[in-house]
Amino acid sequence: SPADRQRVPHHLVDMVDPAEEYGVARYQRDVRAVLDDIEARGARPLLVGGTGLYLRAAVDDLQIPGQWPQLAAELRAEAGQAGGAARLYGRLVWHEARMNHANADLRAMNSELSTMAEYDALTQLLNRRAVLQHLTEHFESWRQGGAAVGVLMIDLDHFKTINDEWGHLAGDEVLAQA
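Residues numbered from 1 in each chain as written. Predicted model: local features only at pLDDT ≥ 70, side-chain atom pairs only at ≥ 80, totals over all residues. Heavy atoms only, no water.

Together, Tyr119, Leu126, Val131, Leu132, Leu135, Phe139, Trp142, Val149, Val151 and Met153 make up a nonpolar patch on the protein surface, roughly 890 Å² of accessible area in all. Here Val151 shows up in the loop between helix H6 (128-143) and helix H7 (159-166). When its relative accessible area of 54% is taken as the criterion, Val151 is described as exposed. (Patch = residues over 30% accessible without salt bridge, like charges linked within 9 Å, V, L, I, M, F, W, Y side chains within 5 Å. Areas by Shrake-Rupley, 256 points an atom, 1.4 Å probe, with all protein chains shown as cover. Salt bridge = Lys/Arg side-chain N within 4 Å of Asp/Glu carboxyl O. Helix = DSSP H or I, 4+ residues; strand = E, 2+ residues; numbered from the N terminus. Buried < 20%, exposed > 50% of the residue type's maximum accessible area, 1.4 Å probe, protein only.)

This brings us to the environment of Pro2. Positionally, Pro2 belongs in helix H1 (residues 2-7). A relative accessible area of 67% means that Pro2 is categorised as exposed. Through-space distance from the C-alpha of Pro2 to that of Tyr54 is 24 Å; in sequence the pair is 52 residues apart.

As a further point, take the confidence of the model for the protein. Model confidence for the protein is summarised by a mean pLDDT of 88, while 100% of its residues fall at 70 or above. For the protein, per-element mean pLDDT is lowest for H1, which scores 82, and highest for helix H5 (residues 84-118), which scores 93. (pLDDT = per-residue confidence, 0-100.)

Inspection of the secondary structure puts Gln28 in helix H2 (residues 24-40). Contacts of Gln28, omitting those with residues within four sequence positions, involve Ala57, Asp60, Leu62 and Ile64. (Contact = heavy atoms within 4.5 Å.)

What follows deals with the packing of H2 against helix H3 (residues 52-59). Following both chains from N to C, one finds H2 and H3 inclined at 50°, their axes separated by 8 Å at the closest point. When the interaxial angle is binned, H2 and H3 end up oblique. For the crossing formed where H2 meets H3, the hand is right-handed. Contacts between H2 and H3 involve Val24, Tyr27, Gln28, Val31, Arg32 and Leu35 from the former and Leu53, Tyr54, Ala57 and Ala58 from the latter. Of the residues belonging to the contact of H2 with H3, the class tally is eight nonpolar, one polar and one charged. (Axes fitted to C-alpha atoms, helices over the stretch in contact; angles between N-to-C directions. Parallel < 35°, antiparallel > 145°, perpendicular 65-115°, else oblique. Left-handed = near helix turned anticlockwise from the far one by under 90°. Nonpolar A, V, L, I, M, F, W, Y, C, P; charged D, E, K, R; others polar.)

Written as structure tokens, this is what we have:
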């Protein structure tokens, strides 16, 4: 109400004509300027209304691509030609298939990278960081009433001597065999 708006400052309300084009990219620029101004005054902003996309645009590092009015006009013109809509749909399907293939490749590479980040390449055992993370998770579960946690440590006696006398390649072979 007008009374509420006088008691509490409101921003980005009634600022654009309803017929004017106003998208999330422009909103992101506008809202971030307002948020910076509010924080510079030592106040706390309160975001209300809108969709999740607009909230994310305000607070996350959301990269919003620009708009291409000339491309949009060309696509509208092509769609208006005989068979244009079918051609555009065919192009869309082709690009979607390429994107799906690229996403599948990325998922496979991410899975491989995840494995490489958690497992030792030589022994194929969990590396130190992954072991500590698993132990932390299991210990926390135990603390919250879960199953007991057991730890087994294996040490190779005189392993340093193997590395020193026979070299690291021989030490790697011993580790791989163990």
